[in-house]
Amino acid sequence: MKSAVETLNPTRVRLTVEVPFEELKDSLDAAYKKINQQVTVKGFRKGKIPARVIDQRFGRGAVLEEAVNDALPKFYTEAVNEAEINVLGQPEVDITELKDGETLNFTAEVDIRPSIEIPDYSGIEVTVDAVEVSDEDVEKSVEQLRERFASTSPVERAAAEGDVLTIDLEAKVDGEVLEDGVASGVSYTVGSGELLDGIDEAVTGLEAGGEATFTSQLKGGSAEGKDAEVTVKVTAVSSRELPELDDDFAQMASEFDTLDELKADSRKRLENMKQYDQATQAQERVLDELLKLAEVPIPEKLLEDEINTRKHNLEHHQLGQMGIDIGKYLEIQGKTEEEFDAETKEQAVKGIKTQFILDELVNKEKLNVNQEELTEHLMRRAASSGMSPDQFAQAVVEGGQVPMLVGEVARGKALAVVVEAAKVVDTNGETVDLDDEDETAETVEAAAEGDAAEDQAEDKKTEA
């Protein structure tokens, strides 16, 4: 076999391949064997039909077609390996010449991973938000915890802001009660801004047994977006009482003995969260600067596929779970279809550029992924997916996605190399120390500890 490669553009090549007919022998034998198992000829046992009879009865062309279809992937792969190119996607194959007993010639056009020159990234400088936790931030955090331990008790008075009501609702459009417009025993906190516009004004001042009617645009259901006449009846009014902010509250809501200790822990958790946000911000801004420095050609077909994949995932997964279509999504976002398409293309281009340049960095820096790093990444991905590590690992293996996970870890290490070389300062002008990915991992763990503390508080509430 002989092959030659022609560069059509930085991301696409044409392979020209010439195959001597004798190299098709194995595929021809396989073709005769396959046809032998599929057809019957009177006077011959199945599988024992001579080649000349198959040629006579079914045509030599059918045999050649079967043999060529079998052989093309092998010869294409050999040509790709010989040319030492990194192909993307499926090739467009054209058989230019097929002479029985002489030769098989074909061409294959295919997208390739472009050659990228890694720019000097040592001069990258970015500014990130400073890690600052104010007393107001701490008070807000403690107040949110306090809200979780609020208690309610029935009262015989008119409803006021902050009260928890039990209400019945009935919605009419054009004088007709909607099938899905009736609800009973709904719990609602006055002033929360939930449910329907206008409901707070309608229920304020009502006692148990009182009702009011107001007009509101429906936010969901069969008449979503239409104006409805809504009747609300208050069946119960309860006042909401918050626990006193003292040491007793700290002991009830946490593992701490004093309110000061609880506040100190809240401050620490907020700092950890902001450090995580700062690290993430640094990575994103360093990456943006790196992409500005690098020239990265984008294969057209790959870009088209990436755009279609992003749109499919949005429409059929994310929006499907939310129960809305793309039209409603664009309305909520306040975007036109053209703006959405442009934004999706921009995101796709950035995603492809990021993968190409970080993969090139992985090769240049000879970065490897060990089992411990892969396991840690798998655990994080499992947590974000809502699956157990074992379930997620099984799904990854069965789906053949292990190389994808390895690539994600390797690209993360490559970005860490660039971030380490960059100059990162905060808005106060202080240098931010982001030595390596371990520090980012520690920050992530610290943020996770904050979530665990909230879970612990929930457990305390249940016990109480």
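Residues numbered from 1 in each chain as written. Predicted model: local features only at pLDDT ≥ 70, side-chain atom pairs only at ≥ 80, totals over all residues. Heavy atoms only, no water.

A. Spatial organisation of the nonpolar core. Core analysis: the biggest nonpolar cluster contains 34 residues, and I124, V286, L290, L361 and V424 have the highest contact counts within it. Those elements that place two or more of their residues in this core are β5 (125–128), α7 (259–293), α8 (300–322), α10 (337–365) and α13 (402–421). Of the residues forming this core, the biggest block, 7 residues, is contributed by α10. Discounting chain neighbours no more than four positions away, the residues touching L290 are P119, Y121, I124, I357, L358, L361 and V418. Grouped together as the second largest cluster of nonpolar side chains are 31 residues, I35, A79, A108 and V110 included. (Core = buried A, V, L, I, M, F, W, Y, C linked by side-chain atoms within 4.5 Å. Buried < 20%, exposed > 50% of the residue type's maximum accessible area, 1.4 Å probe, protein only. Helix = DSSP H or I, 4+ residues; strand = E, 2+ residues; numbered from the N terminus. Contact = heavy atoms within 4.5 Å.)

B. Spatial organisation of the packing of aromatic side chains. Per the counting criterion, the structure on display carries 2 aromatic pairs. Taking 6.1 Å as the distance between ring centres and 90 degrees as the angle between the ring planes, the aromatic pair formed by F149 and F249 counts as edge-to-face. You can see F149 sitting in the loop between α4 (135–148) and β6 (151–154) and its partner F249 sitting in helix α6 (residues 247–253), a full 100 residues away along the chain. For F249, a relative accessible area of 1% translates into the label buried. An angle of 80 degrees between the planes, with centres 6.3 Å apart, marks the rings of Y329 and F340 as edge-to-face. Of this pair, Y329 sits in helix α9 (residues 326–333) while F340 sits in helix α10, and the two are 11 residues apart along the sequence. Residue Y329 is classed as buried on the basis of its relative accessible area, which comes to 17%. According to the relative accessible area criterion, F340 is buried, its value standing at 7%. (Phe/Tyr/Trp six-rings, centres within 6.5 Å; stacked < 30°, edge-to-face > 60°.)

C. Main features of the sheet that holds strand β4 (residues 103–112). The strand order across the open sheet formed by 4 strands is β1-β2-β4-β3, and the pairing between neighbours is antiparallel. Unpaired on one side and paired on the other, β1 (2–9) and β3 (87–99) mark the two borders of the sheet. Each adjacent strand pair in this sheet contributes to an overall mean axis angle of 20 degrees, direction not counted. Taken together, the 7 bridges between β1 and strand β2 (residues 12–20) define a ladder with antiparallel strand orientation. Paired with N9 across the strands is R12, a residue of β2. (Pairing = 2+ DSSP bridges. Axes fitted to C-alpha atoms, helices over the stretch in contact; angles between N-to-C directions.)

D. Representation of the side chain of T107. Residue placement: T107 occurs in strand β4. When sequence neighbours within four positions are dropped, the list of residues in contact with T107 reads R14, L15, T16, E92, V93, D94 and T96.

E. The arrangement of the pairing of strand β9 (residues 211–217) in detail. Only one face of β9 is buried: it carries A212, F214 and S216, and the other face, with E211, T213, T215 and Q217, is open. By the bridge criterion, 7 bridges tie β9 to strand β10 (residues 227–241) in an arrangement that is antiparallel. Bridge pairing in β10 links T213 to T231.

F. Broad picture of the side chain of D111. By the secondary structure assignment, D111 is in strand β4. At 3.0 Å, the side chain of D111 and the side chain of R12 are in polar contact. Beyond its immediate sequence surroundings of up to four residues, D111 is in contact with T11, R12, N86, V87, L88, P299, K301 and L302. (Polar contact = N/O pair within 3.5 Å; in protein donor to acceptor, adjacent residues only side chain to side chain.)

G. Broad picture of the packing of α7 against α10. The N-to-C vectors of α7 and α10 enclose an angle of 85 degrees; their axes lie 11 Å apart at closest approach. In terms of orientation, α7 lies roughly perpendicular with respect to α10. Where α7 approaches α10, its residues L287, D288, L290 and L291 are matched on the opposing element by K350, K353, T354, I357, L358 and L361. Of the residues in the contact of α7 with α10, the class split is 6 nonpolar, 1 polar and 3 charged. (Parallel < 35°, antiparallel > 145°, perpendicular 65-115°, else oblique. Nonpolar A, V, L, I, M, F, W, Y, C, P; charged D, E, K, R; others polar.)

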